[in-house]
Amino acid sequence: MIGKLFRFRFFQLAVLTILATILTRANSMVKIVPIFFILILMCRYYIDHKRHFSVSKFPKKIFMLYCFYCLFLVLKAILYDSNAGLKGEFITSFFGNLEFGVLSFSIPCCALVVYEKDWISTSIKVCDMIVVLGVLVGLAYMGGANIWYFTFLLYFLPFACFRLIIKYDHKILYWIYFFFSLYYCAMEDERSILVLEMVVLIALHTVILYSNKLVTKSIKIYCIAVPLVGAFLTFYNLFNKESFFEYMYTMYSGETTMVNDTRTFLFQELSKDLTETSTWLYGKGMFGTYYSNVMYIASKNGEYADNSNRLGTECGFLWLILKGGIIYFVLYFALFYTTVLVALRRDQKVFLFIAFLISSRLLFMFVSFTPVFDIANMFLWAFLGLTLSREDYITNKLK
C-alpha cells in the first residue's frame, strides 16, 4: 500500500515536507536532503502542469502577478539586498531554509498539485497519514514526552476536516486526533490556533449535518466579511496608538487569559522600523530583518528571546509586509480573497468549506499563521488550485 502511494508525487511531497520540518526543528543540516527533493518535485509540477492551470482571466492575472512578485523578491535577494539576517552561507540559507528560503516563495507551485492523477484520493491518504502520526504524537504528549519536533502535526486539524467533507469515514480516528489537537493547543496556550480549530470544527459539522439555505447564506456572509476584518485590524494595529490587543486586554483581562497581549509590540516595532528605513512598499527582502527593542531587553536580562534583529515575525500579514512590503500583502490577500469568492459560487459543500477555511485563516493572519513552506500551507495552496481550476475538471475530480 505504502509502495503504491509513493508513486504519487503529492504523497512524496507530503512525506518530504514532514521530514524536512522535523529536521529543521532538530537544527540538523540533513534537512538539505529532503528540501533538495522538494525543490525537484516543485519544478516537475511546474513543468508538467503549468499549461493546465486554466482559470478565468481576473484570478489568473492576480495569480501571475503574485508569482512574478515572488520571483522579483528572489532575484532582489540574489542581486541587490543586503540580506542582513543571513546566517551562514547564502546558498545554504537560500535553498535550505523552509521559512525564509526560496521554498516559501515558490509555494504557489503547490496550486498545480491538483492536476496530478488521482490527487483527491492521494490527498485523503495523506490526511490519514498525518492524523495517525498526530494521534501518536498526542499520546506521547499525554505521557509527558518532549514532542517539540512533531508539534506541527497537531496543527493540521482544519485541513484534516477537508478529508471528512470529501469522505466521511474513519470518524473515531479523526475525533481522537481532534481531541489531542485541541487539548495540546489549550494546554500550551496556542490561542489563535485553538480558536481557528474550534471555528472550523463547528463549520465542518454545520456544513455536513445542517446544510440549508439559511446556513449557507450565513456562511457566505461570514466568508465575505471576516477576511476584510483581518486586513483592517492589521493596519489598525500598525498605525493606531492603541492596538486591538491592548483594547481587548484592558476590557477582559480580569475574566480570561485568552486576551493576554503578546502581539502589540510586534506591530509597533515593525511599523517603526519600516518607517525609519522607508521600506513600506517593497519590504526588507527574503533575509531582511527589523529591530526589536523588546527582544534586545529580554536577552540583556538573560531571558529566553529571539535575536534583536528579527528575521521573521509571528503574525502572517506582518511576515508578508516585512518580506515584500505592502505590495506583497495586497497581492496575497487579493489572491486568496478572490479564491474565497470563486469558491462561494461553486454549488458544492467542499467549496463552501474551503471558502470558510481560507476566509478564517485570512482573519487570523493578523495574529498568527505565517505563509511559509509547511504541510498546512501546502494544502492551502492546493485548495486554491482546486478552487480556481476549470469547473468541469473539478466536477470530475470530486465525483
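Check the entry above for the structure.
From a predicted model like this one, the values you see are computed outputs, not experimental measurements.

Reading the values: the criteria
- Residues numbered from 1 in each chain as written.
- Predicted model: local features only at pLDDT ≥ 70, side-chain atom pairs only at ≥ 80, totals over all residues.
- Heavy atoms only, no water.
- Helix = DSSP H or I, 4+ residues; strand = E, 2+ residues; numbered from the N terminus.
- Buried < 20%, exposed > 50% of the residue type's maximum accessible area, 1.4 Å probe, protein only.
- Contact = heavy atoms within 4.5 Å.
- Areas by Shrake-Rupley, 256 points an atom, 1.4 Å probe, with all protein chains shown as cover.
- Axes fitted to C-alpha atoms, helices over the stretch in contact; angles between N-to-C directions.
- Parallel < 35°, antiparallel > 145°, perpendicular 65-115°, else oblique.
- Left-handed = near helix turned anticlockwise from the far one by under 90°.
- Nonpolar A, V, L, I, M, F, W, Y, C, P; charged D, E, K, R; others polar.
- Core = buried A, V, L, I, M, F, W, Y, C linked by side-chain atoms within 4.5 Å.
- Salt bridge = Lys/Arg side-chain N within 4 Å of Asp/Glu carboxyl O.
- Expected span 1.5 Å × (residues − 1).
- Phe/Tyr/Trp six-rings, centres within 6.5 Å; stacked < 30°, edge-to-face > 60°.

Colleague: Can you walk me through the overall build of the chain in this structure?
Modeller: The helix and strand inventory of the chain stands at 18 helices and two strands. Expressed as a percentage of its 399 residues, the buried residues of the chain come to 55%. Considering only contacts within the chain whose residues lie at least 6 apart along the sequence, 75% involve residues at least 24 apart. Looking at the chain as shown, the accessible area adds up to about 18,400 Å², and 64% of this sits on carbon and sulfur atoms.

Colleague: Would you explain the side chain of N237 in this entry?
Modeller: Within the secondary structure, N237 sits in helix α11 (residues 213-239). Residues in contact with N237, not counting those within four places in the same chain, are S243, F244, F245, F267 and F366.

Colleague: What exactly am I supposed to notice about the packing of helix α16 (residues 349-364) against helix α17 (residues 375-388) here?
Modeller: The description of two helices packed together rests on the angle between their axes and the distance between the axes. Packing of α16 against α17 brings their axes to within 11 Å, and their N-to-C directions diverge by 130°. In terms of orientation, α16 lies oblique with respect to α17. The handedness of the crossing between α16 and α17 comes out as left-handed. Here F351, I354, L357, I358 and R361 of α16 come into contact with α17, specifically with A376, N377, L380, F383, L386 and T387. Per-class residue counts for the contact of α16 with α17 are eight nonpolar, two polar and one charged.

Colleague: How do you make sense of the nonpolar core when you look at a structure like this?
Modeller: The tendency in soluble globular proteins is for nonpolar side chains to be buried side by side. The biggest cluster of nonpolar side chains holds 138 residues, and the ones touching the most others in it are L13, F379 and W381. Sort the elements by how many residues they give to this core and helix α15 (residues 316-345) lands first, with 18 residues. Beyond its immediate chain neighbours, meaning those up to four positions away, L13 contacts I38, L41, M42, Y45, C110, V113, F373 and M378.

Colleague: I tried to follow the pattern of salt bridges on my own but got confused; where do I start?
Modeller: Pairs may arise between side chains of opposite charge once their charged atoms sit close together. Under the defined criterion, the tally for this structure stands at seven salt bridges. A salt bridge links K167 to D169; the nearest nitrogen and oxygen atoms lie 4.0 Å apart. Overall, K167 belongs to the partly exposed group, its relative accessible area being 46%. When salt bridges with common partners are traced through the structure, they connect D128, R163, K167 and D169 into a single cluster.

Colleague: Help me understand helix α4 (residues 57-79), please; the structure alone is not making it clear to me.
Modeller: The α-helix advances 3.6 residues per turn, and as a result positions three or four apart in sequence lie on the same side. Taking 1.5 Å of rise per residue, the 23 residues of α4 would be expected to cover 33 Å, and the 32 Å separating its terminal C-alpha atoms lies within 8% of that figure. Taken residue by residue, α4 has P59, I62, F63, Y66, Y69, C70, L73, V74, K76 and A77 as its buried positions.

Colleague: Hey, could you run me through the packing of aromatic side chains in this one?
Modeller: The way to describe two aromatic rings as a pair is by their centre distance and the angle between their planes. Counted by the stated rule, this structure contains 40 aromatic pairs. Ring geometry for F72 against Y282: centres 6.1 Å apart, planes inclined by 55°, an arrangement best described as tilted. In this pair, F72 sits in helix α4 while Y282 sits in the loop between α13 (264-277) and β1 (290-291), placing the two residues 210 residues apart along the sequence. For F72, a relative accessible area of 34% gives the class partly exposed. Ring centres of F235 and F329 lie 5.0 Å apart, and the angle between their planes is 75°; on these two criteria the pair is classed as edge-to-face. Taken as a pair, F235 in helix α11 and F329 in helix α15 lie far apart in primary sequence, 94 residues in all. F235 sits in the partly exposed class, given a relative accessible area of 23%. On the basis of relative accessible area, F329 is assigned to the buried category, the value being 5%. Ring pairing ties together the aromatic residues F63, Y66, Y69, F72, F105, Y282, W319, Y328, Y332, F336 and W381, which thus form one cluster.

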